[in-house]
Amino acid sequence: LDLALELKQKYADLPVIVLTPFSREVSMRLSLNKHELKKIDHVFSWLGHAEILLAIIKLVEDKMNVQDDIDEVGVQTILLVENSIRFYSSCLPLIYKIIFSQSKSFMTEGLNQHQQMLRMRGRPKILLATNYEEAITLYEKYKDNMLGIISDVAFDIENKRDPEAGIKLIDHIRNEKP
């Protein structure tokens, strides 16, 4: 964690991801350093499956490329709102696996390699928010290209845990886009 914070401070534009096996000690340190963790792009839990590495790379790529891909290709986005590191560490690889599988099934044998690459670029981009404010910001920015939202029920609003934050988020969105 100290190294990640030092790297992020030195290279602010470089995505910094922490991948850690979860233990009681790690959980306690993360909960004590919540304000410091906001400086790091993401923290993931190593659950023993290599698919997490691809999910991390794709999540970072999606975040970096989403606006250009929307402008150029009109891609859709899926917003995942989840504050549990362990849950999104297990869930994201599954979401990406499903999306890649569906994208491949849409490809026909007649497509050359360049056309297949463009088709994969047109897959929905996954955006991760870990609190209400991030979720609202991402929704407002990409709402015209929002394919769907997957949300936890309880997460932080203004740095306080709200057991109905997900319901409030969906109510906000439904009021605007029934």
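Predicted, not measured: the structure shown is a model, and the values here were computed from it.

Draft legend 1. Geometry of the nonpolar core. One finds Leu92 and Ile126 to be the most contacted residues of the largest nonpolar core, which totals 25 residues. Per-element tally for this core: the top contributor is helix α5 (residues 85-106), with eight residues. When sequence neighbours within four positions are dropped, the list of residues in contact with isoleucine 126 reads Leu59, Asp62, Ile78, Leu92, Ile95, Tyr96 and Ile99. Residues Val75, Leu79, Tyr142 and Met146 belong to the second largest nonpolar core, which totals 19 residues.

Draft legend 2. Region of the structure containing the environment of isoleucine 57. For isoleucine 57, the location among the structural elements is in helix α4 (residues 51-73). Classification of isoleucine 57 as partly exposed rests on a relative accessible area of 47%. In the structure, isoleucine 57 is positioned 111 residues away from lysine 168 in sequence and 31 Å away in space, judged by C-alpha atoms.

Draft legend 3. View of unusual backbone geometry. In this structure, glutamate 158 is a non-glycine residue whose phi angle is positive, near 50°. Non-glycine residue asparagine 159 carries a positive phi angle of around 65°. With respect to the helices, strands and loops of the structure, asparagine 159 is situated in the loop between β6 (155-157) and β7 (160-162). Classification of asparagine 159 as exposed rests on a relative accessible area of 59%.

Draft legend 4. Structural context of the packing of helix α7 (residues 132-142) against helix α8 (residues 165-176). Between α7 and α8, whose axes approach to 10 Å, the crossing angle comes to 20°. Comparing their axes, α8 and α7 come out roughly parallel. Considering how the two elements wind past one another, α7 and α8 form a crossing that is right-handed. Of the residues in α8, those in contact with Tyr132, Ala135, Ile136, Tyr139 and Glu140 of α7 are Ala165, Lys168, Leu169, His172, Ile173 and Glu176. Residues belonging to the contact of α7 with α8 are distributed by class as follows: seven nonpolar, one polar and three charged.

Draft legend 5. Fine view of the pattern of salt bridges. Taken as a whole and judged by the stated rule, the model has eight salt bridges. Across the pair aspartate 62 and arginine 123 runs a salt bridge, and its minimum N-O distance is 2.7 Å. Here arginine 123 lies in the loop between α6 (113-121) and β4 (125-129) and aspartate 62 lies in helix α4, a separation of 61 residues in the sequence. A relative accessible area of 5% places arginine 123 in the buried class. Salt-bridge contacts for lysine 168 lead to aspartate 162; the nearest nitrogen and oxygen are separated by 2.5 Å. When its relative accessible area of 38% is taken as the criterion, lysine 168 is described as partly exposed. Connected through shared salt-bridge partners, Lys8, Asp41 and Lys63 make up one network.

Reading guide: rules and limits
- Residues numbered from 1 in each chain as written.
- Predicted model: local features only at pLDDT ≥ 70, side-chain atom pairs only at ≥ 80, totals over all residues.
- Heavy atoms only, no water.
- Core = buried A, V, L, I, M, F, W, Y, C linked by side-chain atoms within 4.5 Å.
- Buried < 20%, exposed > 50% of the residue type's maximum accessible area, 1.4 Å probe, protein only.
- Helix = DSSP H or I, 4+ residues; strand = E, 2+ residues; numbered from the N terminus.
- Contact = heavy atoms within 4.5 Å.
- Axes fitted to C-alpha atoms, helices over the stretch in contact; angles between N-to-C directions.
- Parallel < 35°, antiparallel > 145°, perpendicular 65-115°, else oblique.
- Left-handed = near helix turned anticlockwise from the far one by under 90°.
- Nonpolar A, V, L, I, M, F, W, Y, C, P; charged D, E, K, R; others polar.
- Salt bridge = Lys/Arg side-chain N within 4 Å of Asp/Glu carboxyl O.

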